[in-house]
Amino acid sequence: MYWQKEFECISVDELRTLQNERLQKTVAHVYENVKYERDKMKEIGIEAGDIKTYEDLYKLPLLTKQDLRETYPYGLFAVPNDKVVELHASSGTTGKQIVAGYTQKDIKIWGDCFARALTSLGATKDDYMHVSYGYGLFTGGFGAHYGAQQIGMTIIPVSTGNTQRQVNIIKDFGSTFICCTPSYALFIAETMKEMGVTKSDIKLKAGLFGAEPWTEEMRKEIEEKLCKAYDIYGLTEIIGPGVSFECMEQTGMHINEDHFLVETIDPDTGKVLPEGEQGELVFTCITKEAFPLLRYRTRDIGILKREKCSCGRTLVKMLKPMGRSDDMLIIRGVNVFPSQIESVLLNLGNTNPHYQIIVDRVNNTDTLDVNVEISTEIFSDVVSSLEDQEKKISSQIFSILGISAKIHLVEPKTIPRSEGKAVRVIDKRKLH
Ligand code: ADP
Ligand code: ZN
């Protein structure tokens with residue numbers, strides 16, 4: 001099912017024409033109304049009229065989080081305050097928060113983007129939408145809400161917290177769709193089990209999980225314990241969740257390209273890479289009014305795939321981002337993403353997808369410790385068997401990632417649970 005078939009299944013030629021038209025308009029709008037960006041463009045000798053098509057994009061300067069910080073809070077807004085109807089802020093995972101503004105039209109676009117995700121999974125106005133993303137400045141809750149509202153679903157705006165109550169609501173109210181972070185989805189599943197609620201007691205058909213990186217192994221866990229699990233991606237700077245979404249094929253997320261142009265660049269040189277090569281995702285908003293960022297560097301590392309999808313959508317797909325370039329750990333010179341460690345842990349079985357990575361520097365050498373919960377079923381007091389398992393995990397990490405790690409198997413429920421984004425890494429090197 002489609003929400004806006006004319007855009008979701010548009011031919012590539014028509015898409016390019018539409019994108020070029022919208023790009024020209026947005027660049028002109030930004031040039032006229034955002035002094036900061038106009039100055040940046042003038043500095044390198046270009047003006048709005050130089051950007052006519054998608055192929056001209058590379059001429060525009062790249063924007064980074066630093067630019068957003070320098071113009072905090074409203075320096076990149078392109079409309080006066082009387083047009084701004086809502087503000088959101090990034091969750092501040094990596095430093096000072098940034099502020100994004102929306103006009104009435106921007107909110108409508110956001111809702112449409114999220115509604116496409118829901119509709120592609122079969123959601124209709126007969127469904128109950130359980131929103132366990134936080135409501136507030138964080139974009140998760142409201143993004144999901146606006147999408148469901150456009151469809152006319154029955155929204156249950158639970159927000160985060162009180163997980164037992166969440167389980168009761170899922171059961172009693174008959175929630176059929178759910179949205180939250182993948183780590184929180186697992187926490188809900190775990191709580192369900194403790195309460196003696198089984199999958200057959202609930203009506204959940206599918207969940208849209210995003211806001212943090214997660215692996216295929218984690219998807220398997222969620223699908224076994226809770227419901228079908230689909231990925232949804234977004235960031236506050238661009239619009240919030242709904243920049244891209246997974247269809248039932250589960251092989252990548254379709255980017256809403258009629259609203260957001262995407263490029264991949266080499267994170268070190270800033271050079272544009274050919275479609276299909278792994279690189280940093282860069283987005284350009286081409287329909288937004290209040291906060292239309294041009295060529296914003298996400299720091300998310302991704303791969304684009306333009307191919308025929310069984311769902312009929314022509315929109316380009318991005319593969320699950322492994323993590324952000326600034327999440328990447330360099331341990332004794334080896335580059336590692338936390339999600340790669342997660343993958344190894346979950347592939348081995350016997351452990352829960354609850355883990356924490358602790359990096360430190362002792363005597364000028366990086367140390368890597370991983371605390372990982374072992375499942376209740378096999379938790380044993382026999383120290384030797386635990387040690388054996390720790391060694392096994394450690395050697396698996398070594399053989400796959402090429403780094404040695406000290407594994408500590410810990411009792412179930414000893415690693416703090418998060419209701420929003422999970423805290424996977426504690427890098428003590430940065431704290432010293
Ligand atoms: P913050 O930057 O403070 O975390 P946001 O809430 O806007 O604020 O988070 C956006 C970021 O979350 C993205 O840039 C990306 O790194 C991550 N993210 C969002 N959705 C996904 C997803 N489905 N998979 C992996 N990472 C995601
Ligand atoms: Zn598809």
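Residues numbered from 1 in each chain as written. Chains lettered and ligands numbered in written order. Predicted model: local features only at pLDDT ≥ 70, side-chain atom pairs only at ≥ 80, totals over all residues. Heavy atoms only, no water.

(A) Representation of the coordination of the zinc ion (ligand 2). Surrounding the zinc ion (ligand 2) are the protein donor atoms C247 (SG), H254 (NE2), C309 (SG) and C311 (SG), which sit 2.1 to 2.3 Å from the metal. Here the zinc ion (ligand 2) is ringed by 4 donor atoms whose angles at the metal span 103 to 116 degrees, and the overall shape comes out tetrahedral. Mapping the donors of the zinc ion (ligand 2) onto the primary sequence yields the spacing C-x6-H-x54-C-x1-C. Looking at C309, the relative accessible area reads 5%, which means it is buried. Note on C311: relative accessible area 18%, which makes it buried. (Donors = N, O, S within 2.8 Å, 3.2 Å for Na, K, Ca; no water. Tetrahedral: all angles 85-135°; square planar, octahedral: opposite > 155°, others 65-115°. Buried < 20%, exposed > 50% of the residue type's maximum accessible area, 1.4 Å probe, protein only.)

(B) A look at the packing of helix α2 (residues 12-33) against helix α3 (residues 35-43). Running from N to C, α2 and α3 point in directions that differ by 105 degrees, and their axes come no closer than 6 Å. The pairing of α2 with α3 is recorded here as roughly perpendicular in orientation. Residues V27, V30, Y31, E32 and N33 of α2 lie in contact with α3, whose contacting residues are K35, E37, R38, M41 and K42. Broken down by class, the residue content of the contact of α2 with α3 amounts to 4 nonpolar, 1 polar and 5 charged. (Axes fitted to C-alpha atoms, helices over the stretch in contact; angles between N-to-C directions. Helix = DSSP H or I, 4+ residues; strand = E, 2+ residues; numbered from the N terminus. Parallel < 35°, antiparallel > 145°, perpendicular 65-115°, else oblique. Contact = heavy atoms within 4.5 Å. Nonpolar A, V, L, I, M, F, W, Y, C, P; charged D, E, K, R; others polar.)

(C) Main features of the packing of helix α9 (residues 216-225) against helix α10 (residues 338-348). As a packed pair, α9 and α10 sit with axes 8 Å apart at the nearest point and diverge in direction by 50 degrees. The orientation of α9 with respect to α10, classified from their angle, is oblique. Of the residues in α10, those touching α9 at E217, M218 and E221 are E342, S343, L346 and N347. Here the contact of α9 with α10 is composed, by residue class, of 2 nonpolar, 2 polar and 3 charged.

(D) Molecular detail of the pattern of salt bridges. Overall, the coordinates contain 27 salt bridges when judged by the stated rule. For K108, the salt bridge goes to D112, with nearest N and O atoms at 2.8 Å. With K108 and D112 both in helix α5 (residues 104-120) and 4 residues apart, the pair spans about one turn of that helix. With a shortest N-O distance of 2.8 Å, R306 and E257 are connected by a salt bridge. Residue R306 is located in the loop between β13 (304-305) and β14 (317-318), and its partner E257 is located in the loop between β9 (253-255) and β10 (260-265); the two are separated by 49 residues in the primary sequence. Given a relative accessible area of 28%, R306 falls into the partly exposed group. The structure contains a network of salt bridges with shared partners spanning R361, D366, D427 and R429. (Salt bridge = Lys/Arg side-chain N within 4 Å of Asp/Glu carboxyl O.)

(E) Just the domain arrangement of the chain, in detail. Assigned domains within the chain: domain 1 (1-322) and domain 2 (329-431). Taking the mean C-alpha position of each, domain 1 and domain 2 sit 30 Å from one another. Facing the 23 residues of domain 1 at the interface are 18 residues of domain 2. Between domain 1 and domain 2, a total of about 1,800 Å² is buried, with carbon and sulfur atoms accounting for 52% of that surface. Applying the counting rule to domain 1 against domain 2 returns 2 salt bridges. The salt bridge partner of K413 is E194, with a shortest N-O separation of 2.8 Å. (Domains from an automatic or database assignment. Buried area = accessible area lost by both parts, 1.4 Å probe.)

(F) Looking closely at the packing of aromatic side chains. All told, the structure shown has 10 aromatic pairs when counted by the stated rule. Plain terms: the ring middles of F77 and F291 are 5.6 Å apart, the flat faces sit at 65 degrees to each other, and that makes the pair edge-to-face. Residue F77 is found in the loop between α4 (65-70) and β1 (86-89), and its partner F291 is found in the loop between β11 (279-285) and β12 (296-302); the two are separated by 214 residues along the sequence. Per residue, the accessibility class of F77 equals that of F291, and both read buried. When the ring of Y184 is compared with that of F187, the centres are 5.9 Å apart and the planes differ by 65 degrees; the resulting orientation is edge-to-face. In this pair, Y184 and F187 both sit in helix α8 (residues 182-194), 3 residues apart, roughly one turn of the helix. We note that Y184, like F187, is buried. Clustering of aromatic rings is evident, with ring pairs tying together Y102, W110, Y135, F142 and Y146. (Phe/Tyr/Trp six-rings, centres within 6.5 Å; stacked < 30°, edge-to-face > 60°.)

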